[in-house]
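So the chains spell out like this:
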Amino acid sequence: MGATEPQWVLMATGRSPTNIAVIKYWGKRDEALILPVNDSISVTLDPDHLSATTTVAASPSFPSDRMWLNGKEIALSGGRFQSCLREIRKRARDVEDEKKGIKIKKEDWEKLHVHIASYNNFPTAAGLASSAAGLACLVFTLGKLMNVNEDYGELSSIARQGSGSACRSIYGGFVKWCMGKNDDGSDSMAVQLVDESHWDDLVIIIAVVSSKQKETSSTSGMRDTVETSPLLQYRAQTVVPSRILKMEDAIKNRDFESFARLTCADSNQFHAVCLDTSPPIFYMNDTSHRIISLVEKWNHSEGTPQRLPTHLMLGLMLS
């Protein structure tokens, strides 16, 4: 890679969908490594409707790493972005493109800078897990560019270091984020429970009741909850382990009634934990409450959520 070599540009593009947790991740036992206090389960959404698309370019002509989100340049100096870049660069391999005259050795990746352009086709930081889609897409696309050999599980562990729930967006279908036990986080990664074809008649409708950025970010909210909420510890240690097993069975058996009840219960407890935080955190507004009330009244009149149209029940329940 001498100074007289052609100033080529190597590019890769990827797309990752967002995900919605049916058993919530809320609270870290290790802030730096982003290790959760409990397992979680999510459903990955359709990338045609809710996803991040990222293009990464590398060139010897780039003097520094740079990133643009939805057309606006943002700082890449944050520790989470740097963690993902560092981990992928460590795993990079030789790349050769004879047609373009490009030959990159493994050790060259430490000296090459990248330009990253990412676009979300849905509101950012409005509670729709934009960071999950964005960081999963960043890790996947960087890995594609740098020819890494890691499997999806290992990539999910890297994405986790950028945004916890990003590890679940590496896979489609229903995904479990195993909290792990190791202090270094090596066993905290995502596994696919079933692929997207398993429950293909399940349709999700997202009601965006507000596209404004959340008043309390997930990162600061979780930190406050871990420090001040006794309910969080009870939830993580007592409630979630058994709920995870029941949810896995419901998904495996496509048991919508159990699935709906578990999802509603976990969502309600998540918001209860937020209210148990000091100062309390409010992630729902009046419109959210009205929708929930409507669904509860409908369920009561029908006698069971299983009788509701799946797409309507699930969509309103998760909004």
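Residues numbered from 1 in each chain as written. Predicted model: local features only at pLDDT ≥ 70, side-chain atom pairs only at ≥ 80, totals over all residues. Heavy atoms only, no water.

If you check an unreviewed UniProt entry, the chain appears there as Diphosphomevalonate decarboxylase from Aegilops tauschii subsp. strangulata. Note on the chain: under the UniProt heading Catalytic activity (unreviewed entry), the record states "(R)-5-diphosphomevalonate + ATP = isopentenyl diphosphate + ADP + phosphate + CO2". Heading Sequence similarities (unreviewed entry) of the UniProt record for the chain holds this comment: "Belongs to the diphosphomevalonate decarboxylase family." (UniProt positions renumbered as here; feature names shortened; annotations may be inferred.)

Let us look at the pairing of strand E6 (residues 51-59). Within E6, seven of the nine residues are buried, leaving the element largely enclosed by the surrounding structure. As judged from the eight bridges shared by strand E1 (residues 10-17) and E6, these two strands associate in the antiparallel manner. Looking across to E6, one finds that Pro17 is bridged to Ser51. The pairing of E6 with strand E11 (residues 113-120) spans eight bridges and is classified as antiparallel. (Buried < 20%, exposed > 50% of the residue type's maximum accessible area, 1.4 Å probe, protein only. Helix = DSSP H or I, 4+ residues; strand = E, 2+ residues; numbered from the N terminus. Pairing = 2+ DSSP bridges.)

Now for the pattern of salt bridges. Applying the stated criterion across every chain, the model contains 12 salt bridges. Salt-bridge contacts for Asp108 lead to Lys111; the nearest nitrogen and oxygen are separated by 3.7 Å. The buried category is assigned to Asp108, whose relative accessible area is 9%. Notably, a salt bridge pairs Glu248 with Lys176, separated by 3.0 Å at the nearest N-O pair. In this pair, Glu248 is assigned in helix H5 (residues 230-252) and Lys176 in strand E12 (residues 174-178), connecting sequence segments 72 residues apart. Overall, Glu248 belongs to the partly exposed group, its relative accessible area being 23%. Of the residues examined, Lys176 reaches a relative accessible area of 15% and is grouped as buried. Each member of the salt-bridge network shares a partner with another, and the members are Glu87, Lys90, Arg91 and Glu150. (Salt bridge = Lys/Arg side-chain N within 4 Å of Asp/Glu carboxyl O.)

Our focus in this paragraph is the layout of surface pockets. Computed from the structure, the second largest pocket encloses a volume of approximately 590 Å³. Surrounding the second largest pocket, 27 residues form its lining, Thr44, Leu45, Asp46, Pro47 and Glu196 being those nearest its centre. Counting only elements with at least two residues in the lining of the second largest pocket, the list comes to E1 and strand E5 (40-44). If one sorts the elements of the lining of the second largest pocket by residue count, E1 sits on top with three residues. (1 Å grid on protein atoms, 1.4 Å probe; cavity = no way out; pocket = protein on both sides within 12 Å on 5 of 7 lines; lining within 4 Å. Points joined across faces, edges and corners; volume = space filled by probe spheres on them.)

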